[in-house]
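# Structural characterization, general
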Amino acid sequence: MNINENPEEIWIGLAKVQSTKEMGVLENAKNAYVNVLGLARNKIEFRKKVKDELLKLELTLNRLEEIQIFKDRIKEYSVDKSIHNLAKKINNKNKKILFSTFHTFP
């Protein structure tokens, strides 16, 4: 089976990002962590979509950790309601990548 034949599923990961611009979306911070959800066929595709979406926000992806299919994550761990709401938005509005709150640091 070709990996492109796999159905898209909702994936979740924790991204460490860095601003490429002063006073950008992170305001005066240079770095942030953010939970990210998106539709993808596999981890590689998910990472590429996250990276591409961050570039539109003038952010670079330093690291993407804890990547997992969302339905598997919620079986293993308690997940905040706001993250569940993001997953619903992906399903209901056909969004490909969505970010939760950016938690900034210098």
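Above this note sits the structure.
Summary of the structure given here. (Residues numbered from 1 in each chain as written. Predicted model: local features only at pLDDT ≥ 70, side-chain atom pairs only at ≥ 80, totals over all residues. Heavy atoms only, no water.)

Attention now goes to the overall build of the chain. Of regular secondary structure, the chain possesses 3 helices and 5 strands. Along the chain, helices (α) and strands (β) appear in the sequence β-β-α-β-α-α-β-β when read from the amino end. By the compact-globule yardstick of 13 Å for 106 residues, the chain fits well, its C-alpha radius of gyration being 14 Å. On the principal axes, the C-alpha backbone points of the chain span a range of 45 × 30 × 25 Å. Of all 106 residues assigned to the chain, the portion counted as buried reaches 38%. Sequence separation of 24 or more characterises 72% of the internal contacts of the chain that already satisfy a separation of 6 or more. Side chains of the chain carry 20 positive and 14 negative charges; the gap between the two charge centres is 2 Å. (Helix = DSSP H or I, 4+ residues; strand = E, 2+ residues; numbered from the N terminus. Rg over C-alpha atoms; globule rule 2.2 N^0.38 Å. Buried < 20%, exposed > 50% of the residue type's maximum accessible area, 1.4 Å probe, protein only. Contact = heavy atoms within 4.5 Å. Lys, Arg positive; Asp, Glu negative; His and termini not counted. Charge placed at Lys NZ, Arg CZ, Asp CG, Glu CD.)

Counting buried positions over the 10 residues of strand β2 (residues 31-40) gives 8, a clear majority of the element. For strand β1 (residues 9-19) and β2, the ladder comprises 10 bridges, and the chain directions are antiparallel. Looking at β2, one finds that W11 is bridged to G38. Strand direction decides the pairing type here: β2 and strand β5 (residues 103-105), joined by 3 bridges, are antiparallel. Residue pairing in the sheet places A32 in a bridge with T104 of β5. (Pairing = 2+ DSSP bridges.)

With that settled, consider the environment of A15. With respect to the element layout, A15 can be found in strand β1. Linking A15 and R47, residues 32 residues apart in sequence, is a C-alpha distance of 9.6 Å. Those residues within four positions of A15 in sequence are excluded, and the remaining contacts are A32, Y33, V34, V36, L61, R63 and L64.

If the charged atoms of two oppositely charged side chains come close together, the side chains can form a pair. Evaluation of the coordinates by the stated rule reveals 9 salt bridges. Residue K21 is joined to E58 by a salt bridge in which the shortest nitrogen-to-oxygen separation is 3.4 Å. With K21 in the loop between β1 and β2 and E58 in the loop between α1 (43-56) and β3 (59-69), this pair connects stretches of sequence that are 37 residues apart. A residue is classified by how much of its surface remains accessible, and K21, at 41% relative accessible area, is partly exposed. When salt bridges that share partners are traced, they join E8, R41, E45, K49 and K96 into one network. (Salt bridge = Lys/Arg side-chain N within 4 Å of Asp/Glu carboxyl O.)

A few words now on the environment of S82. With respect to the element layout, S82 can be found in helix α3 (residues 81-93). Residue S82 is classed as partly exposed on the basis of its relative accessible area of 40%. Spatially, the C-alpha atom of S82 lies 7.8 Å from that of S100, the residues being 18 residues apart in sequence.

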